[in-house]
Amino acid sequence: IPTPLILLLLLAVSVLYCASPARSQDADDVVPVFDAVTVDLQAETLQERVGDTLLTLNNVSLSLGHLALCPSYDVHYQLLDDRIASVEARQIFTLEGELTGSLVLSNIDTVEDALMSFVRSPHTVVVPIVAWTVDVSAVDLSASGGIPWQCLQRAFIAVYVRFHFPVTQPVFSRQEYSARVYEDAPIGTTLYGLLDLKAQSRDDVSYMLLQTESPVESVVSSDGFVHIVTTADQRGYSAYNMTLIAVAERDNETAESSITITVTVDGVNDHTPVFGQSHYNFTLPEDIAPGTAITLLEAVDEDTGYDGQLYYIIQDNVPFTVHVTSGLLSVSSSLDYESETAWQFNVSVMDRGQPARVASASIFIVVRDVNECAPLVTAQPAAVTVTEEQGAGVLLTRLTLRDCDYKSPGALSVRDVLVNGEHSGHVTLQQVADHVTVGNQLEYAYELLTGPLSMDREKYPNGLVVDVVFVDHGKPSHEAVLPISITLEDVNDHTPRLLSSHITVSESLPLNTPVGVITAIDHDQGQNGIVNFTLHTGMDIPFKLGLQRDNRAVLLTTAPLDREAVDGYTLNVTIFDGGSPSLQTITSIVVTVGDINDNTPEFTQESYGGVVSEDANVGFSIAAVTAADADLGSNSRIRFSILSQLAEGFFAVDPVSGDVLLHRTLDYETDPWTLFMIVKATDLGSPYARSSTAWVNVTLTNVDDTPPLLSSTVYSCFLEENTNAHPPCARVFATDVDSSGLNYTLIGDDSDFFSINENGTISSGAQFDRELQGEYSMTVEVTDGNLQSTASVHVTIVDTNDNSPEFQPPFSADVLETAEWDQVVLTISVTDDDVGENSLIMLSSPQSNVREFPFSVDAFDYTVRVKTGARFFQPSYTFQVTACDNGRQPRCAIGTQEYTINIIPHNRSPAFVQPLYFRTIEGTTEPGSPVLLLRATDPDGGDFLAYSLHVSSVCFSLNAVTGELTTNSSLSLPALNNSMTSLPVPNNTMSPPGMNNSMYLPGMNNSTMVGSNSTLPTPNNSTNSSQLNTTNTVPPVMEHPFTQCIGRHVMVVSVEDSATPSASSNVTVIVDVLPNVTNSHCTDRLLESSFVVLEGDALFDEPLADVGNESAVETYDLQSYDGSAVADFRINASGEIYSTTDLSVSRSEWYNLVAIITHSYNNTIVYQARCDITIHVQEDRDVVPNVEEHYMASIWDTAPPGTRVFQIRETGERRSPCCLRFFNDPNLLTFFNVDLFTGVVSVKFNLPRGFQFITNTSIIVQPDGFPDTNVTVVVSVMVERVHVKAPEFSFELTRQIT
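These numbers were taken from a predicted model, which means no experiment stands behind them.

## Some remarks on the overall build of the chain
Then comes step 1: Helix and strand counts for the chain stand at 3 helices and 90 strands.
Then comes step 2: Out of the 1298 residues belonging to the chain, those deemed buried represent 42%.
Then comes step 3: A sequence separation of at least 24 residues applies to 68% of the contacts in the chain between residues at least 6 apart.

## Let's talk about the pairing of strand β37 (residues 568-577)
Then comes step 1: Pairing between strand β34 (residues 531-536) and β37: 6 bridges, direction antiparallel. Across the sheet, the residue bridging to asparagine 532 is phenylalanine 576, located in β37.
Then comes step 2: Where β37 and strand β38 (residues 584-594) come together, 9 bridges link them in antiparallel fashion. Bridged to threonine 570 within β38 is valine 590.
Then comes step 3: Hairpin geometry of β37 and β38 is characterised by an intervening segment of 6 residues between the two adjacent antiparallel strands.

## Thoughts on empty space enclosed by the protein
Then comes step 1: In this structure the tally under the stated criterion is 5 cavities of 30 Å³ or more.
Then comes step 2: Here the largest cavity is characterised by a volume of approximately 50 Å³.

## Concerning the environment of alanine 480
Then comes step 1: Mapped onto the fold, alanine 480 is located in strand β30 (residues 479-489).
Then comes step 2: For the pair alanine 480 and threonine 378, spaced 102 residues apart in the sequence, the C-alpha separation amounts to 10.0 Å.
Then comes step 3: When neighbours within four sequence positions are excluded, alanine 480 is seen to be in contact with Pro375, Val377, Val468, Val469 and Phe470.

## A short note on the pairing of strand β32 (residues 502-506)
Then comes step 1: Side-chain alternation along β32 places Ile503 and Val505 on a buried face and His502, Thr504 and Ser506 on a face that remains uncovered.
Then comes step 2: Pairing of β32 with β38, which is carried by 5 bridges, proceeds in the parallel orientation. Opposite isoleucine 503, over in β38, you have valine 591 as the bridge partner.

## Points about the side chain of aspartate 351
Then comes step 1: Along the polypeptide, aspartate 351 turns up in strand β21 (residues 342-351).
Then comes step 2: Of note is the side chain of aspartate 351, whose polar atom sits 3.3 Å from the backbone nitrogen of glycine 353.
Then comes step 3: Beyond its immediate sequence surroundings of up to four residues, aspartate 351 is in contact with Asn269, His271, Pro273, Asp301, Asp303, Asp307, Gln309, Leu310, Ala356 and Arg357.

## A look at the packing of aromatic side chains
Then comes step 1: Scanning all chains against the criterion turns up 25 aromatic pairs.
Then comes step 2: Counting every residue linked through ring pairs, the aromatic cluster contains Phe807, Phe811, Phe853, Phe855, Phe872, Tyr877, Phe879 and Tyr899.
Then comes step 3: Over the ring of phenylalanine 650 we find arginine 664; its NZ or CZ atom is 4.2 Å from the centre of that ring.

## Thoughts on the sheet that holds strand β19 (residues 320-322)
Then comes step 1: The 3 strands lie next to each other as β16-β20-β19, forming an open sheet whose pairing is antiparallel. The two strands at the open ends of the sheet, each matched to only one other strand, are β16 (293-296) and β19. On average, each strand axis in the sheet is inclined to that of its neighbour by 20 degrees, with strand direction left out of account.
Then comes step 2: Inspection of the sheet shows β19 paired to strand β20 (residues 328-331) by 3 bridges, in the antiparallel sense. Among the inter-strand pairings, threonine 321 is bridged to a residue of β20, identified as serine 330.

## Observations regarding the nonpolar core
Then comes step 1: Grouped together as the largest cluster of nonpolar side chains are 49 residues, with contacts concentrated most on Phe807, Ile828, Phe855, Phe879, Ile1195, Val1205 and Phe1206.
Then comes step 2: No other element matches the 5 residues that strand β90 (residues 1271-1280) contributes to this core.
Then comes step 3: For valine 1205, the contacting residues outside a window of four places in its chain are Arg871, Phe873, Ala1193, Ile1195, Phe1232, Val1241, Ser1242, Val1243 and Val1277.
Then comes step 4: Counting 26 residues, the second largest nonpolar core, distinct from the first, contains Val377, Tyr444, Met455 and Ile486.

## Section: the sheet that holds strand β63 (residues 863-866)
Then comes step 1: Pairing within the open sheet is antiparallel, and its 3 strands lie in the order β59-β63-β62. Edge positions in the sheet fall to β59 (824-827) and β62 (855-857), since each of these pairs with one other strand and no more. Taken over all neighbouring pairs, the strand axes of this sheet differ in orientation by 20 degrees on average, direction set aside.
Then comes step 2: Sheet topology note: the β59/β63 ladder contains 3 bridges and is antiparallel. Of the residues in β63, the one forming a bridge with threonine 827 is threonine 863.

Here is what the cut-offs are and how they apply
- Residues numbered from 1 in each chain as written.
- Predicted model: local features only at pLDDT ≥ 70, side-chain atom pairs only at ≥ 80, totals over all residues.
- Heavy atoms only, no water.
- Helix = DSSP H or I, 4+ residues; strand = E, 2+ residues; numbered from the N terminus.
- Buried < 20%, exposed > 50% of the residue type's maximum accessible area, 1.4 Å probe, protein only.
- Contact = heavy atoms within 4.5 Å.
- Pairing = 2+ DSSP bridges.
- 1 Å grid on protein atoms, 1.4 Å probe; cavity = no way out; pocket = protein on both sides within 12 Å on 5 of 7 lines; lining within 4 Å.
- Points joined across faces, edges and corners; volume = space filled by probe spheres on them.
- Polar contact = N/O pair within 3.5 Å; in protein donor to acceptor, adjacent residues only side chain to side chain.
- Phe/Tyr/Trp six-rings, centres within 6.5 Å; stacked < 30°, edge-to-face > 60°.
- Lys NZ or Arg CZ within 6 Å of the ring centre and 35° of its normal.
- Axes fitted to C-alpha atoms, helices over the stretch in contact; angles between N-to-C directions.
- Core = buried A, V, L, I, M, F, W, Y, C linked by side-chain atoms within 4.5 Å.

Right, here's the structure in full:
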């Protein structure tokens, strides 16, 4: 399309020929002529042209001949027809003035709707919106026959509204493209891989390339194909990026898009690999390990990719290898200097191109000799035998030495000659002659001779080992060690000797008993080492030698031995070996006679005696026994023990010293006076012990050490109160083994009331009162004149029923009117000074003058409780009870006791219907305008509630009676300069939990935070004024009084009832005052802003609300009142609101949402609307709740105002009033009030005194959530007179004895 706007010419001008009648004398060629037949309007300035005159229709030209017939001064104009386009012209245009013919643009709402339908069409360029026809007539006011038809002229006038469409942005099918090109490709080559590169647009598109750091310069054709204009070289870049920009253009207006093209340069094999150097020289030791790396042969190929990949090879048969890809040269097998001293070969490298390119390098490696062979030495023979003590210079063996590494003399030498690992003079080594050549090696000869130091076989019984160490002179040096074994033959050069010269024998052995073995030793070997023995005997020697073998001889007894007679002997023995000549020695042997246990211990006395008193301590020594034994050692050591005793465990004896000790305490009164025991003395001999016995007599003497013994430590008795004739209280029994005379005495403060005689009998003649003292305690003391014993005496006074029950305060109590059933109101306190059965108290039933007494009295725990189902109808209740005990002869309290229970009214706090209130209003709201209505209910049924603001507000007022929040009617424009845009925001310090006052407000400057003492934000309107209004100026923000209140206002409102003391509750109210935001669109689209949703509903298919407008370009956003995201609801592109989850009261009962509508025109925000939406989630009730249809109650005529009569509830388990709405019947009597939300029926005013009446009325109940269900509840209340005198009660209390 070459031009952006084409005017669709809709001009049909039809001229009706004005024919002259027969009576006309003029020709019919004169008609009215209009000076304009078209009007052009621009959609962008349409809003600003409302009210403008578009065309004046009074410019007509009449022929002179028709002036009389159609005078121009009497032409009247009229808008006759409006049948063109989809809108009604009369809704858009008006004709002002019949004579002037001014056409005025009066309303564009329907024009905007038509505009939007054309804008949504993607193929529309020129939009004719409205055209209409105007008929103009000339009327002669003096004509008698009406308007001549010749003077009627019709003209078709077209009106155009032009809408500007922006140029269409080009669209690529992808955002990234890949292409390839060969290096050295000729100029003009097309990059392949870019088949779908062309961008899509309804306008003309041109292309350009953006190339930065690109090695190849390219151009793009008009059809989107890319060609290169310079050759490519892969050595610079293997890949690079370009940016392709597509530009759409129409009427000097452009739009562009861009994509990235990645170009890969494919290489060509045009370079040969090159080594870093052509020759490589290395020197390696011959002992280098196979696998050792030598060097890295690096070759370079300037090609890239597959052509630049290199491979290394060695084609010669050498002990070296190269890694095929890395070029690492390493040793592949062992080197040997003696076999090969140097290696030379080539290493080739080739690439993978087609054809492949090859290069080579020369490698020269010198092998360095290493001393790798140790000297080789042999001996002939390697083992020799020689007689000990041999002289020096005797040949032992000959040695031969070789070394494979050395071919010249002087390279080997002897380092050490060691004998058994040490240097010594036992041997010497000497070279026989110079070297000889054997093959390619030198050979040396040596002789090993005996040295000057003799070799002793006894010192070296295992012989000698000679280590000859040879060493070469290489680096590193190697050595050879040749061990030569020398065995020594024995010579008889040692005299035999005894190993031991002492023998111990036991006495009393039989004849010819072996008592020991005589052992000798000779260090020589063979016959030289065999030893024989000869014993020199006499008359006093009771021993002889027996069997001799292995250098040992057995010693036998020839007579009995007695240690007590002779305790030892000395024997002379000759020992000699079997050598030639023989060697001998004469030595002495000492024989000691050992002791055996052959003697019995003997006591020094046959019997022993001792005396002990009964008060002796344990361990007291009574007597000492002694004994002796003629044996030695353990055979003579004696241990004492008690063999038997008359009274077991009385005594003990010290096993070593023989002291007889007292083992336990003695009692002269119970133990025997004379005690006997047998003491045994036993030696420690072996193999068995020997023993003997002796008598010990012990006499026990008496000591006065026993106090009197009582039969009990505690004595008790019981005596009745109120009498002095008491039986004996108790008898104290006591005995004493040490004495026969005992005395009894009572001790203690209470002993004055009692006495005790010489027999221990306790008695009393006093009269006791249990209530004064119920128990008496004292101590009885019994003495024998020396020692005494005591016991406790407890006397208990037995109760008699001599006291009556007595009531104790408190005698009144207070209870809330909302007390639960069975709640304890009061506990009656009644006491009885008696105990046991005499103190058990029974209460009578409460006596009251009230017909339905709401309390009960428990006769056992004395609690006063609220009866089940009881209701309170008067401010206080009085009742009487009496009390009697449970004695054998019951006693009752004197008279009855009166109790009073006061009913305390419970003033519950009034409650707001919603937990939070939120509203958005326009910045141009007039002072005194209603904002929202706060509603609270009083569960106590009060009529008057007072509303107040915690902190007074400059911008808002609150009606204390109705709870209506309005803008402040006294607010006036501050005397500030119009250019000043910052005013203090009301200091609202209270905000609901979780809300941030500094929140984002649509249409406001985001950099300004609202809700604290800050400056007001200026309107953030991005619309250009030239686009909206070219004739008028937007009024300053401060020209309206309420603009000073722009921002968020967080207020706390209290509601208080009229009771004394009063009760109150609070609620948070949030009001957002926003500039350039209108709410009129919300009221047009939302019939209501508050919705009730049943619990469990999921509004996925059916929208909860619809704020959309199909004929407008609008966007929609949904958020919470505090600006946070909404999780449970969503809004779609059409403005329909849905829930996103199952709603429940437990999840959230209330939602305060804000739907933000943004109206755009020509990509410009025209206005914003904020729709406040409140959603109340209620319990889902599938079944209509049941309600009792008849309630009955009775109250006294003295019931004060506010007295609760009953409460209308659901029936069943819940009994809840939460879901009912109550509507007062107009026939309800004046005296009663019904709370419409809680269903509580209470007394409204003071009831007339002195008469009785019954009222029947009806209340309409509507269950919440069932608007079509109404239940009529009949209420019957009976008012009864209060009697001045209460009736008297008589009762008889009987006691049941089980």
